[in-house]
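An overview of the molecular structure
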Amino acid sequence: MRLAAGAALFLAAALAAAAPAPAQAPPTTPYLRVEAGAHTAPVNRLAVDAAGRLLATASDDRTVRLWSLPDGAPAGVLRVPIAEEAEGELYAVALTPDGRRLFAAGFTGFAWDRSFALYIFDVVEKRMIGRLAPLPAPVVHLALSPDGARLAAALGGTAGIRVWDARNGRLLAEDTSYRGPARMVAFTPDAALVTTAADGLVRLYDPTGTKRAEAAPRRGARPYGLAVSPDGALIAIGYETHPAVDVLHLQGLRPAFMPDVSALDVAALPAVAWASDGRGGVQLHAAGAGRRGGVIRRWADFGLGPGTDLVAARDSIPHLLPLPGGGLAYAAADPGWGIVGPDGALARRPAPPSADPRAARDTLAVSADGQTVEWQGGAGRLRFEVATGRLVGAAARGADVALARTEAAGLAIANWRDAAPPRLNGQPIALGRGEIARSAAIAEGHVLVGTDTHLRLFDRSRRELAALATPGAVWALAVAPGAAVAVAALGDGTLRWYGLDGRGTLEERAALFVHADGVRWVLWTPEGFFDHAGAGGQDLVGVHLNRGRAEAPEWATFAQAYRALYAPAVVRARVAGDGKPAADRLAALGDVRAAIARQPRVSLTGACLPGPAGACTPLDLAQKVPETAGTVRIGLALEDRGLGLGPVDLFVNGRNLGRADPGGQTRFGLDIALDPGRNVIEARAWDAAARLFGTSSPLVLEAPGEAAGEGRLFVLAIGVDEYRNRDLRLNFAGADARRFAAEFAQAARPLYRDVVTTVLLDQDATRAGVIAALERLGREVGPNDTFLMYLAGHGVRAEPDDRFLFLPQDVEDASSWEALRRVAVTDETLVSLVSRIRARNGFLFIDTCFAGQITIDALANLGHETGRFMLAASSSVQEALDSYDGKNGVFAYAVAEALAGGAARDERGVVTALSLGEYVSRRVSELAREKGHAQDAVFRTARRDLRGFPVARVNR
């Protein structure tokens, strides 16, 4: 796609200014990164467009995130090339007044260029369009002039400041005479430039970049925060060394006044801002960190009046940013960002996606086999069992887990908490330059030390045996001596397992991220194989793949590679120290990194209303869809990047409402019926092998009407005992299907306007019969309805493609995979048919097995690809379908128990899909053990949110 003229000029200038390309480039290593929909490391800086509709946040987690204002909804993620340690951390961000171009920088480019770079993004297309390089030091702050024509940067070290033409990247001015790191830069309304620096000076430059004045406003202090008053007459200075604010006259940098900071319990005030109250008044604000957390003081009357304090974050607040409509936004190390309204009240608090990892200090404990961990989470103590995938609350530390030891026979570690250097038996342990120890543990005669950047292993003589860079500070450690494994709680919100092989090496085995909601989690291996919570988690981690120096990286969440990487058994083996299953599966998959880098691209090109003779009237996306519109045609554009093009799915509000074969087309449209109200539409484009998919940016359409609170329930229950091939005969599939339909018809009737059940048994459950039933429901079910489907019978995992096949009643020839595929209902067919069922809520129950061949790896794809809840039995045919009570199989019996009162319910007796799934997934294994069997049921959700929906009402 052609660059806009300004962007093209900028890119050309940036490339011309760059040093000759060295041999190195950003590493091609796949980096597995947490993607929780919010920052996972401290937020350093903020930027806003002139209209106050778009906010950008830059973080140590190597992302810039975009947020719509005033609602604060996520609006996109911009990524930069990364490497080990600090490479890619972002300390500065700026937005052009129109919000169309963004500048971001920090510790960026040094790992391969040995110099630093500033990246430029097209915000609308979410892509990198160039960079400015080389720079002699990291960029710590950026500012754009009010007209967006000039870009200024504060540089670390003694590199000073630089000013460029923001339209073409031409260097306009620089000052390298600084004796300490520059801290902040700010333009005045008439395009003069003011700066602060750690050398104690505040400097003023005229619009040409010529220095006109400098001053040291406070002896022995280091100026940090900087704000220009709305009228341009005054500047406010905050300090990184003192709890003080000085207000200076811009002309001559003469003292004007000092706001009252009495009774303000902070060590420093590094952030300052003037902000409007929306009624013509202006207040001065300053922020710092104290014992209560991040505190913002607000002074009335331009800073001359009394101050009021607001505890706005659990951690420090490094930046305050006035908003065009009044009030201000603030960055927090929590991590997160918040808003103080024009009235001075807290309008939005930071919302970290995980618990504060420092809470794991003194609480992180692990079992002797390394399979169970306990730690302090956000809502209390948590316990995670790798073998079962269970995450539960724990009232107190279990007897089977133990804390780390810092003393053992002949070994004692001291000075290891927030200090340097730590000491072993009174002698210092050497760390890296600037490293601070955060945690320590004795491990089988060795010493583990966790720092801000590394996990390090030392022997008794303090000799370093191994060191691994970590994606966050190592706040806590625990050691499982029986399994030679250590567990660490890191600053990115993860727990990580590290193998200790006795030869003085460290190897990461797995990582666990638990969302702040205490329900969703994802556990993954260094190879990228993962398991996740029944309530979701597959979107919480992804694969970051660098491209060129001036190219945005490739990114794919685990959800996009679900068929390839979802492998619970592989993950469990890896945590236990057995890497062979992971190696074998990786060898079978081939180069997953190369495949992810070539996943198809898909974009939504707009919407129109289909008319007669093929005409389609374009829709204004800012307007509501007309009430007369029956369907809307969504335009799609595909790009094949080497893996071929497979099916395309169109998701509306989290559920698949249309699967189509592009048939070689790269631009086409799909017709869908919208939900009443807000419709968030996204497309997935699969590769030809249907293993990976690319995703589009969302398109939002508003349709008339509101979602009704009470729709209908449609139940489709299918059970096959009497196969045409008599060798396949079963005993209880039909009974299970009948009971499933009957139980839901009774339990759900009080919740729905009507309950419509369809039961297909034996001769009615042919391939044609199953397809016809699903097609009919596709015509009858509306967007306010709920759909449940139950499959009981034989299911197989076809070789070599690992696709799930449901065997209908008319199977005769089971002698080969080709024969079965001809008559089976494939998972692709099921996805295609279920995607035509418009029900707002859906739940798939899969009670199918065949000689132990079906695993949850295969079954979970059905839920993931349809956007529906999924509950599946995973076992052999004998265990899964043999009777529990002489009437029904274990799975159907557990569902009936849940509807009879076993599942958790609210005060009205309502059972939700979440509580039903959680109950059955736990209860099936218990019931099976009673009969001497080993059977599991696994619950999976495909939605990013945790919105459950009612499925039954139980009499209390």
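Before going further, it helps to spend a moment on the overall build of the protein. Of regular secondary structure, the protein possesses 14 helices and 69 strands. Taking 30 Å as the expected radius of gyration for a compact globule of 956 residues, we find that the protein reaches 30 Å, a close match to that expectation. In terms of its C-alpha atoms, the protein occupies a principal-axis envelope of roughly 95 × 85 × 60 Å. Per-residue burial for the protein yields a buried fraction of 60% across its 956 residues. Contacts spanning at least 24 positions in sequence make up 56% of the contacts within the protein whose residues lie at least 6 apart. If you sum the accessible surface of the protein, you get close to 36000 Å²; carbon and sulfur atoms cover 49% of it.

Okay, the packing of aromatic side chains next. Any two aromatic rings considered together are summarised by their centre-to-centre distance and by the angle between their planes. Tallied over the full model, the rule gives 22 aromatic pairs. Taking 4.7 Å as the distance between ring centres and 20° as the angle between the ring planes, the aromatic pair formed by Phe-740 and Tyr-790 counts as stacked. With Phe-740 in helix H7 (residues 733–748) and Tyr-790 in strand S62 (residues 786–797), the pair connects residues that are 50 residues apart, well separated along the chain. Across this residue pair, the class does not change: Phe-740 and Tyr-790 are buried. Through a chain of ring-to-ring contacts, three or more aromatic side chains come together here, namely Phe-740, Phe-744, Tyr-790, Phe-843, Phe-845, Phe-869, Phe-891, Phe-939 and Phe-949. Here Arg-348 stacks its cationic end above the ring of Trp-337, 3.7 Å away from the centre of that ring. Across the ring face of Phe-651, the terminal group of Arg-684 is positioned such that the distance to the ring centre comes to 4.0 Å.

Using the criterion set out here, one finds 54 salt bridges in the structure. Among the salt bridges present, the one from Glu-214 reaches Arg-203, with a minimum N-O distance of 4.0 Å. Within this pair, whereas Glu-214 is found in strand S17 (residues 211–215), its partner Arg-203 is found in strand S16 (residues 202–205), the two being separated by eleven residues in sequence. Residue Glu-214 is classed as partly exposed on the basis of its relative accessible area of 41%. Judged by its relative accessible area of 1%, Arg-203 is buried.

Attention now moves to helix H13 (residues 890–902). Between its first and last C-alpha, H13 extends only 15 Å over 13 residues, short of the 18 Å set by a 1.5 Å rise per residue. Judged by how many residues are buried, H13 sits mostly within the fold: ten of 13 residues are covered.

Let's shift gears to the packing of helix H8 (residues 767–780) against helix H10 (residues 827–834). Working note: a packed helix pair is described by the angle between its axes plus the distance between those axes. With their axes 9 Å apart at the nearest point, H8 and H10 run at an angle of 25° to one another. With respect to H10, the element H8 is oriented roughly parallel. The handedness of the crossing between H8 and H10 comes out as right-handed. Counting all contacts with H8, which are made through Arg-767, Ile-771, Leu-774 and Glu-775, the residues of H10 involved are Thr-829, Leu-830 and Leu-833.

For the rest of this paragraph, the subject is the sheet that holds strand S14 (residues 182–187). Pairing is antiparallel in the open sheet, where four strands are placed in the order S14-S15-S16-S17. The open sheet has two free edges, formed respectively by S14 and S17, since each of these has just one partner strand. On average, each strand axis in the sheet is inclined to that of its neighbour by 15°, with strand direction left out of account. Taken together, the four bridges between S16 and S17 define a ladder with antiparallel strand orientation. Across the sheet, Arg-203 pairs through a bridge with Glu-214, a residue of S17.

All right, on to the pairing of strand S55 (residues 655–660) then. By the criterion of burial, S55 is predominantly enclosed, with six of the six residues buried. Pairing of strand S54 (residues 648–652) with S55, which is carried by four bridges, proceeds in the antiparallel orientation. Bridging from a neighbouring strand, Val-652 pairs with Arg-655 of S55. Hairpin connection from S54 to S55: two residues lie between these consecutive antiparallel strands, with Asn-653 at a positive phi of about 50°.

Mean pLDDT over the protein: 89, with 94% of residues reaching 70 or higher. Low pLDDT, under 50, characterises residues 1–23; the predicted model gives this stretch 38 contacts beyond four residues in sequence or across chains. Contacts for the low-pLDDT stretch residues 876–881, under 50 throughout, to residues beyond four places or in other chains number 24 contacts.

So, how was this worked out
- Counting restarts for each chain: residues are numbered from 1 in the order of the written sequence.
- Per-residue local features are limited, in this predicted model, to residues with pLDDT of at least 70; the limit for side-chain atom pairs, both in listing and counting, is 80 or more; totals at the level of whole chains, interfaces and linings are taken over all residues.
- Side-chain numbers come from the whole structure's heavy atoms, not from hydrogens or water.
- The numbering of helices and of strands both runs from the N terminus, where a helix is a DSSP run of H or I of at least 4 residues and a strand a run of E of at least 2.
- Note on method: radius of gyration uses C-alpha positions; expected globular size equals 2.2 Å times residues raised to 0.38.
- Burial classification: accessible surface area is computed with a 1.4 Å probe over protein chains only, and a residue below 20% of its type maximum counts as buried, one above 50% as exposed, and the rest as partly exposed.
- Throughout, a contact is declared for two residues whenever any of their heavy atoms are within 4.5 Å.
- Areas reported here follow the Shrake-Rupley algorithm with a probe of radius 1.4 Å; residue values treat only the protein chains shown as occluding.
- Note on aromatic contacts: the rings of Phe and Tyr and the six-membered ring of Trp form a pair at centre separations within 6.5 Å, being stacked when their planes are under 30 degrees apart, edge-to-face when over 60 apart, and tilted otherwise.
- Only Lys NZ and Arg CZ are tested; either one counts as a charge over a ring when it is within 6 Å of the ring centre and within 35 degrees of the ring normal.
- The term salt bridge refers to a side-chain nitrogen of Lys or Arg lying within 4 Å of a carboxyl oxygen of Asp or Glu.
- Any helix carries an expected span of 1.5 Å times its number of residues minus one.
- Here the axes come from fitting lines to C-alpha atoms, over the contacting stretch only for helices, and the angles between their N-to-C directions go from 0 to 180 degrees.
- For this classification, under 35 degrees means roughly parallel, over 145 means roughly antiparallel, 65 to 115 means roughly perpendicular, and everything else is oblique.
- Crossings are sorted by hand: turned counterclockwise from the far helix by less than a right angle, the near helix makes the crossing left-handed, and turned clockwise it makes it right-handed.
- At least two bridges found by DSSP between two strands is the condition for calling them paired.
- Each residue carries a pLDDT score, the predictor's confidence in it, ranging from 0 to 100.

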